[in-house]
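# Structural features, examined
Here's the letter readout for the chains.
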Amino acid sequence: MKKLLGAALAATMLTSLAQAAEVKIGFVTTLTTGAAVIGKDQEKAVNLAIEHMGGKMGDLDVNLIFADDGFKPETGKQVTDKLVKQDNVDIVAGYIWSHVLLASRKSVLDAGKFLITANAGPGPVAGKLCHENFFSSSWQNDETPMAMGEVLNQKGVKSIYIIAPNYAAGKGMVAGVKRTFKGEIMGTDMTTWPTQLDFSAELAKAKASGAEGLFVFYPGKAGGAFMKQYQQAGLKDSLPLYTTFTVDALSLPKFQAADFTDVLGSQFTQQWDPTIDNAQNKRFVADFRAKHGSYPSFYAAQAYDSIFLIKSAVEAVGGDLTNMDGMRAAMKSASYPSVRGEYTYGNNHMPIQAYYLREVVKDSDGNWTTKIVQTVYDAHQDIYAKDCALK
Amino acid sequence: MDYTLLFVQVLNGLQLGLLLFLVASGLTLVFGILDFVNLAHGSIYMIGAFICASLTFVLGNFLWAVLVALPLTGLVGYAVELLVARRLYDKDHLDHVLGTFGLLLVLDTLAHMIWGPAGITVPLPAWLDGQIELFEGANIPVFRLLIIGTGLAVAAGLFWLVNYTRLGMLIRAGASNRTMVSALGIDIQTLFALVFALGAMLSGLAGMLISPITGATIGMGGQIIITAFVVIIIGGIGSMKGAFIAAVLIGLIDTLGRSFLDSLFELVMSENAAETAAPAVSAMMIYILMAIILAVKPQGLFPPKVR
């Protein structure tokens, strides 16, 4: 019996040694429902990132666990709890959806682990709910529409109508564009999310409002549905469309297959584009395309960045994952090669970065993709940073 | 009051209502005659959309794709009846719900495996993709008018089928007293399979018609099936007329609620509060209507005469 106990003890010690030689990362994204197309793109990018680093961060092996939030806050929290408590991961990353992130953040942060959002950026996590162990490899929700508001001012648009989904990110987008746009808001419609995909009533109202432009935010499949109905309503000339996160590399191949040419030339703001000229981005875009046959989406770019951000932290402390102060300082310095180019972190651990105006174009092979038209902000910080108690 | 906008919104509501009717008519047929609760009815709606979307790319034309996809969807319905539903008729409603909910998950996952998670954007022929100006300022997408036309034609066809044909007579008889129909020597099993396949075709047609607007996507059926149940409960389970009137009513209430509720709310509260409250309340309105109607007429507006 004693022998057996001894063996068991040795075995446990061995496994804990084996565990110490790896960094365990949980990645929460959406792998089922129609929104799985986004999650799959992030999954591809994360796997590519791991491949590009040879499966290692410093001397540690990378043990990656994907979890599916099912596009629901309650499921997202459940799988996050499992990652933290049962799988005992070192770092949790991912989160496409703002409402999922808000429901899940406490589980990670209360357990004293790092949380890296690779997409969602609702106002509270950048402001009052900011946390020393929370970092973003994307943006704060309000910033991209704020950049769009500036673009609208520059174009001399006098009035707009707004249509967006009624959830955390939708409200952030509306607040963002309203903050910078100097013209008149002729009306705002918030639609049921994520179930409503028919926007006939809202489009009719927007048209009747007499606005000069239409601002919308519809991520994922709702974006495709919206663009299609906008075209069918024949509003292209009378009510030009300005979007954020609605047209992306996931919907463009579908539009191209359906020969939906109205989307060519449409413009939107973003912190990244596949044409950004740096070594990391070139390698990422080229290898992603070679492997999967399509351009990566911005969701993929941020997911790819999140893994390299983690790598920089692990290497800075020489693989000693108990040195959280060291890891935190490394991440805060944003000294990893990001596909968007260099950026810095604010006191709330949100990126201070450039925002560009992107336009849908055909590439040299005839594929539909995007290019940068102009730089809207050189280094933009979100407005919630002042509410954050961190220094 | 902007009457042009009101007119356009009424047409939008009518279009939504007629789509709902296509789904609800199949549901009410199966629920009313077979006494079978079919949660997987929405999955057939999705499968119809996906089959039609794939065929649009193969055949190069949306309308041909619909014509070919319709019998195929009927076949899927027939297969579902043969393999799953037939074994559940004798069980009680809870077993129906469990069985068809399982089926719903299986079909959703199957569609995910076959067509991938991205969904399909369905192109329309150019003449369907434009708009018609009915009068000054009232531009309506041609395709939405086509949906209204198709919905009305199907409603008329079903009315004729149910009221003036031998099959319709059997369907009505089956809805009133199933045992008696089979005692009179009617092959009830074939009748049931036919009704089930017809219901599947109607639901599939709705999916095909919506796919050029919203795209064919995984899980699209789960959203419409709930509203379709509300429709048949309001209309009276088993009643075709009830399904039609309730579907149009719900389509109008939903669309007009989304259109005008916020302006109405702004009269009594701040603009910001109205913007947030209006979509929440307009999403609730059809359920409020259902609760009121259930309180006043527990059998629905037009219950079939004899049960």
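No experiment lies behind these values; they were computed from the predicted model shown.

### Overview of the overall build of chain B
Across its full length, chain B carries 12 helices and 2 strands. Listing every helix and strand of chain B by position from the N terminus yields α-α-α-α-α-β-β-α-α-α-α-α-α-α. Expected size for 307 residues packed as a compact globule is a radius of gyration near 19 Å; at 20 Å, chain B falls within 12% of this value. Judged by the C-alpha coordinates and their principal axes, chain B covers about 65 × 50 × 35 Å. Looking at chain B as a whole, 51% of its 307 residues are labelled buried.

### Here we look at the overall build of chain A
Scanning chain A from terminus to terminus reveals 13 helices and 14 strands. Against the globule reference of 21 Å for 391 residues, chain A gives a C-alpha radius of gyration of 22 Å, in line with a compact fold. Dimensions along the principal axes, computed over C-alpha positions, put chain A at roughly 85 × 45 × 35 Å. Taking all 391 residues of chain A together, the buried fraction comes to 56%. The contacts in chain A between residues at least 6 apart in sequence include a share of 72% that link residues at least 24 apart.

### Quick word on the domain arrangement of chain A
Residue and element names in this part refer to chain A. Taken as a whole, chain A is organised into domain 1 (2-139 + 277-353) and domain 2 (143-270). For domain 1 versus domain 2, the distance between C-alpha centres works out to 31 Å. Contact residues are listed per partner, giving 17 residues for domain 1 and 14 residues for domain 2. Every element with two or more residues in the side of domain 1 that touches domain 2 is listed here: α2 (36-52) and α4 (98-110). For the side of domain 1 that touches domain 2, the residue count by class is 10 nonpolar, 6 polar and 1 charged.

### Examining the packing of helix α12 (residues 298-316) of chain A against helix α13 (residues 324-332) of chain A
Two measures define how a pair of helices packs: the angle their axes make with one another and the distance between the axes. Residue and element names in this part refer to chain A. The N-to-C vectors of α12 and α13 enclose an angle of 135°; their axes lie 8 Å apart at closest approach. When the interaxial angle is binned, α12 and α13 end up oblique. Along this stretch, α12 crosses α13, giving a crossing that reads as right-handed. On α13, the residues touching L309, S312, A313 and A316 of α12 are G326, M327, A330 and M331. Counted by class, the contact of α12 with α13 contains 6 nonpolar, 2 polar and no charged residues.

### Considering the sheet that holds strand β3 (residues 60-68) of chain A
Residues and elements named next belong to chain A. Pairing is mixed in the open sheet, where 6 strands are placed in the order β2-β3-β1-β4-β5-β6. Because the sheet does not close on itself, it has two edges, and the strands there are β2 (56-57) and β6 (134-136). One ladder, built from 2 bridges, connects β2 with β3; its direction is antiparallel. Across the sheet, K56 pairs through a bridge with D61, a residue of β3.

### What to know about the pairing of strand β9 (residues 213-216) of chain A
Residue and element names in this part refer to chain A. Here β9 shows no split at all, with G213 and F215 on one side and L214 and V216 on the other all buried. Note that strand β7 (residues 159-165) and β9 share 4 bridges and pair parallel. Looking at β9, one finds that I163 is bridged to V216. Looking at chain direction, β9 and strand β10 (residues 241-243) are connected through 3 bridges and run parallel. Across the sheet, residue L214 finds its bridge partner in β10, namely L241. Taking the sense of rotation as the criterion, the β-α-β connection linking β9, helix α9 (residues 221-232) and β10 turns out right-handed.

### Here's the deal with helix α1 (residues 3-34) of chain B
Residue and element names in this part refer to chain B. Across its 32 residues, α1 extends 44 Å between first and last C-alpha, which sits within 8% of the 46 Å expected from 1.5 Å per residue. At V23, α1 is deflected by roughly 25°, the largest bend along its length. Among the 32 residues of α1, 26 are classified as buried, and the element is accordingly described as predominantly covered. A positive backbone phi angle near 55° is found at D35, which sits one or two residues after α1.

### Notes on the packing of helix α3 (residues 62-83) of chain B against helix α9 (residues 188-214) of chain B
Residue and element names in this part refer to chain B. Relative to each other, α3 and α9 sit at 140°, their axes nearing to 7 Å. Compared by their axis directions, α3 and α9 come out oblique. In the packing of α3 onto α9, the handedness of the crossing is right-handed. The segment α3 lies against α9, with F62, V66, A69, L70, T73, G74, V76, G77, Y78, E81 and L82 engaging A193, F196, A197, G199, A200, M201, G204, L205, M208 and P212. Across the contact of α3 with α9, the residue classes tally to 15 nonpolar, 5 polar and 1 charged.

### Topic: the environment of K44 of chain A
Residues and elements named next belong to chain A. Within the secondary structure layout, K44 lies in helix α2. Sequence-wise, K44 and F288 are 244 residues apart; in three dimensions their C-alpha atoms are separated by 8.0 Å. In contact with K44, other than residues within four places in its own chain, are F288, H292 and A300.

### Structural notes on the interface of chain B and chain A
Taken residue by residue, the interface counts 34 residues in chain B and 34 residues in chain A. Taken together, the elements giving at least two residues each to the side of chain B that touches chain A come down to α1, β2 (138-141), α6 (142-164), α9, α11 (240-266) and α12 (271-296) of chain B. Of all the elements, α1 of chain B adds the most residues to the side of chain B that touches chain A, at 5 residues. Looking at side-chain class alone, the side of chain B that touches chain A contains 14 nonpolar, 15 polar and 5 charged residues.

Definitions and limits used
Residues numbered from 1 in each chain as written. Chains lettered and ligands numbered in written order. Predicted model: local features only at pLDDT ≥ 70, side-chain atom pairs only at ≥ 80, totals over all residues. Helix = DSSP H or I, 4+ residues; strand = E, 2+ residues; numbered from the N terminus. Rg over C-alpha atoms; globule rule 2.2 N^0.38 Å. Buried ≥ 20, exposed ≤ 12 C-beta atoms within 10 Å, placed from the backbone. Contact = placed C-beta atoms within 7 Å. Domains from an automatic or database assignment. Nonpolar A, V, L, I, M, F, W, Y, C, P; charged D, E, K, R; others polar. Axes fitted to C-alpha atoms, helices over the stretch in contact; angles between N-to-C directions. Parallel < 35°, antiparallel > 145°, perpendicular 65-115°, else oblique. Left-handed = near helix turned anticlockwise from the far one by under 90°. Pairing = 2+ DSSP bridges. Right-handed = clockwise from strand over helix to strand, strands pointing away. Expected span 1.5 Å × (residues − 1). Bend = angle between axes of the 7 residues up to and from the residue.

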